[in-house]
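Spelled out, the chains give:
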Amino acid sequence: MKKLEIQHVYIHFPFCHRKCSYCNFYSIPFNPESGCFYVETLLKEISCFHKVFFIKPLTIYLGGGTPSLLSSSQLQDIFRGFNLDKTVEITLEMNPIDVNEDYLQKLKELPVNRISLGAQSFLDTELKLLNRLHKSSETIEAVRIIRKSGFDNISLDLMYGLPGQRIEEVIHSVKQVIKLEPQHISTYLLGLEKSSSLFKFKHKIPEDNILAEFYFSIREMLLNLGYNQYEISNFSLKNRESQHNISYWNDQYYIGLGPSASGYLPGLRYMNPNDLIKYREKINQGKIMSEKELITPETHEKEYIMLQLRTVNGLNLDKFRTKFNNDFIDKYRNLIEKYKRSGFIEIKNNLIRLSPKAYFISNEILCEFM
Ligand code: SF4
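Right, let's talk about the sheet that holds strand E17 (residues 351-354) for a bit. Within the open sheet, the three strands sit side by side as E15-E17-E16. Their pairing is antiparallel. Both edges of this open sheet fall to strand E15 (315-316) and strand E16 (345-348), since each of them pairs with a single strand only. With two bridges joining them, E15 and E17 adopt antiparallel strand pairing. Paired with leucine 315 across the two strands is isoleucine 352, which belongs to E17.

A separate point is the site of the ligand. Neighbouring the ligand are the residues Cys16, Arg18, Lys19, Cys20, Tyr22, Cys23, Phe25, Ser27, Gly64, Gly65, Thr66 and Arg132. Grouping the amino acids of the shell around the ligand by side-chain chemistry returns five nonpolar, four polar and three charged.

Attention now moves to the layout of surface pockets. Its volume calculated, the second largest pocket comes out at about 410 Å³. Looking at the second largest pocket, it is lined by 17 residues, and the ones nearest its centre are Ile246, Asn250, Thr311, Asn313 and Gly314. Among the secondary structure elements, those contributing two or more residues to the lining of the second largest pocket are strand E9 (228-231), helix H8 (243-249), helix H10 (297-308) and helix H11 (317-324). Ranked by residue count, the leading element in the lining of the second largest pocket is E9, at three residues. Of the residues that constitute the lining of the second largest pocket, the class distribution is six nonpolar, eight polar and three charged. Each of domain 1 (5-249) and domain 2 (315-369) accounts for three or more of the residues forming the lining of the second largest pocket.

According to the domain assignment, the chain contains domain 1 (5-249) and domain 2 (315-369). A straight line from the C-alpha centre of domain 1 to that of domain 2 covers 30 Å. On the side of domain 2, six residues touch domain 1, which itself brings ten residues to the contact. Interface area for domain 1 against domain 2, summed over the two sides, is near 590 Å², with a carbon-plus-sulfur share of 80%. At the surface where domain 1 touches domain 2, the tally comes to zero residue pairs in polar contact (both at pLDDT 80 or more). If you tally residues by element for the side of domain 1 that touches domain 2, the top one is helix H7 (residues 208-224), at six residues. Looking at the side of domain 1 that touches domain 2 residue by residue, the classes come out as seven nonpolar, one polar and two charged.

Basis of the calculations
Residues numbered from 1 in each chain as written. Predicted model: local features only at pLDDT ≥ 70, side-chain atom pairs only at ≥ 80, totals over all residues. Heavy atoms only, no water. Pairing = 2+ DSSP bridges. Helix = DSSP H or I, 4+ residues; strand = E, 2+ residues; numbered from the N terminus. Near = heavy atom within 4 Å. Nonpolar A, V, L, I, M, F, W, Y, C, P; charged D, E, K, R; others polar. 1 Å grid on protein atoms, 1.4 Å probe; cavity = no way out; pocket = protein on both sides within 12 Å on 5 of 7 lines; lining within 4 Å. Points joined across faces, edges and corners; volume = space filled by probe spheres on them. Domains from an automatic or database assignment. Contact = heavy atoms within 4.5 Å. Buried area = accessible area lost by both parts, 1.4 Å probe. Polar contact = N/O pair within 3.5 Å; in protein donor to acceptor, adjacent residues only side chain to side chain.

Here it is as structure tokens:
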């Protein structure tokens, strides 16, 4: 039987220098020995996947966690696990404190061609509140080194909606981001789960109308400076959109490797154990994709709507009809009429999309399609 071709790979690295106060991901303290076990297990997992799928990645995303804790030779070992002939984008998430000239020069010899830097804020008081290890000056220096080392595709993460945050502080960070001229910017509204240590300050998070003001100010500043918005939270210079993220929003299959990673395949989603030891046990037994969840055609349709309507281009009505054998407008006529009347939804050239004024309340709107 012909193997399914997989073009997108996500690799989760579970270690961090220390826990950020807002963190809700699976991340554990780093030590070199556990790092070696992790790479060893990951390589086994990759070879198990090769037995089942034809993996020819167009994109690879190394996220976490803090994958910049991996040495360049460990990264090299991981890349050797793939046929990279056709790969167009390999992203490595980095913590600014891991950036130094020596490491970056070694990275330049690897197939990594995109760096995503967790800047989050350019105010040291905010970085301290987030329990980040870096200072704003270190992010600025990190960008300089990354660029000097020859990387021309840099993405910065920016977080807003911090406890007690004011618009002046948001603007300060955006201005600093703009000065650094990254090719790509991802913005994140801080969300606090009970398990995070910052949760005790949840009551200080600005009201929704203030958060909306933050969002629209960031958006306006970035658009004015020539960034294109291609998804509700993502902006880029021309042709510098994240190809990996686009694959998620366009319903492409991908595999997720490493503890707590998830993958999406025809009719199912799987999740790796949220625990390094359990993950190692499973992989050592040759068990990949251990926890599977079937995706019914109905769920698939809803997830597709959710993802496509988060993109600025929106959902293509013809594609939807071909994919689901269903007419989107007929099926959701009442909702569409309601949101068209309020100016939150637009239909143009066979595309249905949220209008910009709906972006900040997109979750509420999209939930109604669920
Ligand atoms: S760097 Fe990311 S994964 Fe690590 S502790 Fe901070 S938020 Fe969590």
